[in-house]
Amino acid sequence: MKILVCIKQVPQKDAPLKLNEAGTWIREDVSYEVNEPDAYALEEALRQKEKHGGEVVVITAGPTRSQQVLREALAKGADRAIHLEDDRFGALESTNTARAIAAAIEGEKFDLVVTGLQSDDYGAAQTGVLLAEILGWPHATIIIGIEKTDSGVHLKRELEAGHYQFIDMPLPAVLTIQSGINKLRYATLIGIKQAKMKPMRKVSYGEVEAKLSKNLQRIERLYVPVKQKKTEMLEGTPPEVAKKLVEHLRNTVRVI
Amino acid sequence: MADCILVVAEHREGKLNRASFETIAGAQAISKETGWAVEVVVVGEGLDAVIAELATKIVSRVYAIEAAALAAYTSDAYVYALKNFVSTKQPKLVLFPHTYQVRDFAPRLALALDRTLISDAIGYKFESGKLLFSRQMFQGKFAADVSFAGDPPWLVTFQIGAFRGDLAEPGSAPTEKVTAAVAEGAPRVTPHEVFQEAKQAVDLSQAAIIIAVGRGIKEQKNVAIAENLAAALGGELAASRPICDNGWLPLERQVGSSGQTVAPKLYIAIGISGAIQHIVGMKGARTIVAINKDAEAPIFEIADIGVVGNLFDIVPALTAEIVKVKAGT
């Protein structure tokens, strides 16, 4: 199977984020990492390749720094990478991101495209589904199991509140992957070394611009959310905090 | 045709998803500002009971789009039928509950209509004649107000719990059945039955006290720290998704959109940052205590009592204090 994995670089989970002065975006001087569900999508692609042979290609859209997530994917075993490299890719809405990816892979014949079910920054949960519409392929979301069959793939979908569903679909298809579908691997030293030799194709904004259209939604402002509740913050040494909390649990919550 | 807001309600095998009422409540609120009528549509087969239930709210009309091909959900059939209906009807707004099913087809529907979808909104604002939709960003650390830059219909999904379904105003609406547009040719996707894995042994929804651990616990062996607190309080142990993904606690102890929804008297969140997917499963708790090293963690947005600090110091101290107090009484 020839598999494309769409991954994204996002701020690290516990990175302290600050608003920029204009209140339009975060300050970019933070640490970044690969979006977690995308890491599971990559792992799944590598496992499918190990079972059925083929090729794993990773793609991302973003500024120069986002090359890091492609390097890591190559070190884990992806065969080659495509980088849609430009600051402007970060400002695209999901539809245009999907269009840019579709334009960058034109002429390649993938059997499967996988990506995480949503990103930790925007959290729109749309790019994978939109890519399927652009390519004209079937898709399925929130996948927690993939089994290749003679006619396509047999998939396990997660539904809400502990419900599941199996579905069958032909290839090529686009799947969005749920975290926890597998166990992530670490890159090996040899893998990191080999990654440096693997091909990375750069695609400029100009090369795909004709395929994009005007963004149809706009972020007017970004802000720290207004608190919904009045939180009582307890301070002091751990034993002091414990004492205050126990008093509260005893007198107000009445569980002790 | 009068301007309208179209709510796409959801059902599973003819049973209405209650989140549909939340979206209707949201639509009613927007309607009061814009003057646009609220209409509801539901897609499937054999929907008599579903539309009868939806018609008990103040809306102008409830439509059932029916066809045999829509009996079991597939994104292809839903997108085809709804694209046809929405293009004919040309509503200003199309609203959905942000369910797993909606996430599966709504982006595709928006693009098929050559429009865009604002997903997972938690509210709206109506500012000088312009509708803005608020959504969480960066896992709830920030919020953004988002506007539409193109022509209607504008598509929006609302996060579960964004509006109160029980506040959807009651009324009596006419219903209408519409024959669905069905694509020619064989369907691409074959869906099988929806099922639950072996009956869950732990029913957290009935627990009065829940001690939940998240990523901040760092290692599997540290889960014992929370276990000791749960034992001291007589509570159930629960976890956010990453803990179950790692196999540190069984999936049946997961709280959140993909796990259980709980409403205990007391919920102690230990090392849980408060990602949206977790919060939707526990925000109904009467008292929420959050212990986290990051003062900016979104969990503090909904906590009644907060402690910023090292859980590895605070939780054992708390357990010791509880044991001491209980022994003394």
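Just so we're clear, the structure is a prediction, and the values are computed from it rather than from any experiment.

Another point: the overall build of chain A. Summing up its helical and strand segments, chain A has seven helices and 13 strands in all. In terms of principal-axis extent, the alpha carbons of chain A reach across some 65 × 45 × 40 Å. Here chain A holds 256 residues, and 54% of them are scored as buried. Here the analysis covers contacts within chain A between residues at least 6 apart in sequence; of these, 69% occur between residues at least 24 apart. Accessible surface for chain A amounts to roughly 11,600 Å². Of this, 52% is attributable to carbon and sulfur atoms. Within chain A, one finds 36 positive and 35 negative side-chain charges whose respective centroids are separated by 3 Å.

In this section: helix 1 (residues 36-52) of chain A. Residues and elements named next belong to chain A. Relative to the 24 Å expected for 17 residues at 1.5 Å per residue, helix 1 spans 25 Å between its end C-alpha atoms, a close match to the ideal helical length. Among the residues making up helix 1, those that are buried are P37, D38, A39, Y40, A41, L42, E43, E44, A45, L46 and Q48. Count one or two residues on from helix 1 and you reach G53, which has phi positive near 75°.

So, on to the sheet that holds strand 8 (residues 153-158) of chain A. Reading across from one edge, 11(A)-5(A)-4(A)-1(A)-6(A)-10(A)-7(A)-8(A)-9(A)-12(B) is the order of the 10 strands in this open sheet, with mixed pairing throughout. Only two strands of the sheet have a single neighbouring strand rather than two, namely strand 11 (200-203) of chain A together with strand 12 (190-196) of chain B. Here the strands of the sheet are splayed against their neighbours by 30° on average, with no regard to which way each runs. Where strand 5 (residues 80-85) of chain A lies against strand 11 of chain A, four bridges are found, and the strand directions are parallel. By the bridge assignment, L84 of chain A is partnered in strand 11 of chain A with V203 of chain A.

For the rest of this paragraph, the subject is the confidence of the model for chain B. In this model, chain B carries an average pLDDT of 92, and 98% of its residues clear a pLDDT of 70 or more. When the elements of chain B are averaged for pLDDT, helix 7 (residues 276-282) of chain B gives the smallest value, 88, and strand 6 (residues 93-97) of chain B the largest, 98.

A common way to report how large an interface is uses the accessible area buried once the components associate. Residues and elements named next belong to chain B. Split into domains, chain B comes out as domain 1 (4-179) and domain 2 (204-328). With centres defined by C-alpha atoms, the gap from domain 1 to domain 2 works out at 34 Å. Listed per partner, the contact involves nine residues of domain 1 and eight residues of domain 2. The largest per-residue losses of area from domain 1 upon contact with domain 2 belong to Y100, Q139 and K141, which jointly make up 55% of the total buried on that side. Here domain 1 and domain 2 share zero salt bridges between them.

As a further point, take the packing of helix 3 (residues 94-104) of chain A against helix 4 (residues 127-135) of chain A. A pair of packed helices is characterised by two quantities: the angle between their axes and the separation of those axes. All names here are of chain A. Taken N-terminus to C-terminus, the directions of helix 3 and helix 4 make an angle of 55°; their axes are 8 Å apart at the nearest point. Judged by the inter-axis angle, helix 3 sits oblique to helix 4. Taken as a pair, helix 3 and helix 4 cross one another with a handedness that is right-handed. Note on element contacts: helix 4 touches helix 3 through T127, L130, L131, I134 and L135, opposite S94, T95, T97, A98, R99, I101 and A102. Across the contact of helix 3 with helix 4, the residue classes tally to seven nonpolar, four polar and one charged.

What counts as what
- Each chain has its residues counted from 1, running along the sequence as written.
- Following the order in which they are written, the chains are lettered starting with A and the ligands numbered starting with 1.
- Reporting in this predicted model follows two pLDDT cut-offs: at least 70 for local features of residues, and 80 or more for side-chain atom pairs to be given and counted; totals over whole chains, interfaces and linings ignore these cut-offs and use all residues.
- To get the side-chain values, take all heavy atoms of the structure and skip hydrogens and water.
- Secondary structure elements follow DSSP: runs of H or I of four or more residues count as helices, runs of E of two or more count as strands, with numbering from the N terminus.
- Each residue gets one of three labels from its accessible area relative to the maximum for its type: buried under 20%, exposed over 50%, partly exposed in between, using a 1.4 Å probe on protein chains only.
- Here a residue-residue contact requires only that any non-hydrogen atoms of the pair lie within 4.5 Å.
- Each accessible area is a Shrake-Rupley estimate made with a 1.4 Å probe; only the visible protein chains count as cover when residues are assessed.
- Charge counting follows a simple rule: Lys and Arg are positive, Asp and Glu are negative, and His as well as the terminal groups are ignored.
- Charged side chains are reduced to one point each, which is NZ for Lys, CZ for Arg, CG for Asp and CD for Glu.
- The span you would expect from a helix comes to 1.5 Å times its residue count less one.
- For two strands to count as paired, DSSP must find a minimum of two bridges between them.
- Interaxial angle, 0 to 180 degrees, is taken between N-to-C directions of lines fitted to C-alpha atoms, where a helix line uses only the stretch in contact.
- Known as pLDDT, the predictor's per-residue confidence is scaled from 0 to 100.
- Here the bounds of each domain stem from an automatic or database domain assignment.
- Simply put, the buried area is the total loss of 1.4 Å probe accessible area from both parts when two parts are fitted together.
- Definition used for salt bridges: Asp or Glu carboxyl oxygen within 4 Å of a side-chain nitrogen of Lys or Arg.
- An angle below 35 degrees is treated as roughly parallel, one above 145 as roughly antiparallel, one from 65 to 115 as roughly perpendicular, and anything else as oblique.
- In this scheme, a crossing is called left-handed if the near helix is turned counterclockwise away from the far one by less than a right angle; it is called right-handed if the turn is clockwise.
- Three classes are used, and their members are as follows: Ala, Val, Leu, Ile, Met, Phe, Trp, Tyr, Cys and Pro are nonpolar, Asp, Glu, Lys and Arg are charged, and the others, Gly among them, are polar.

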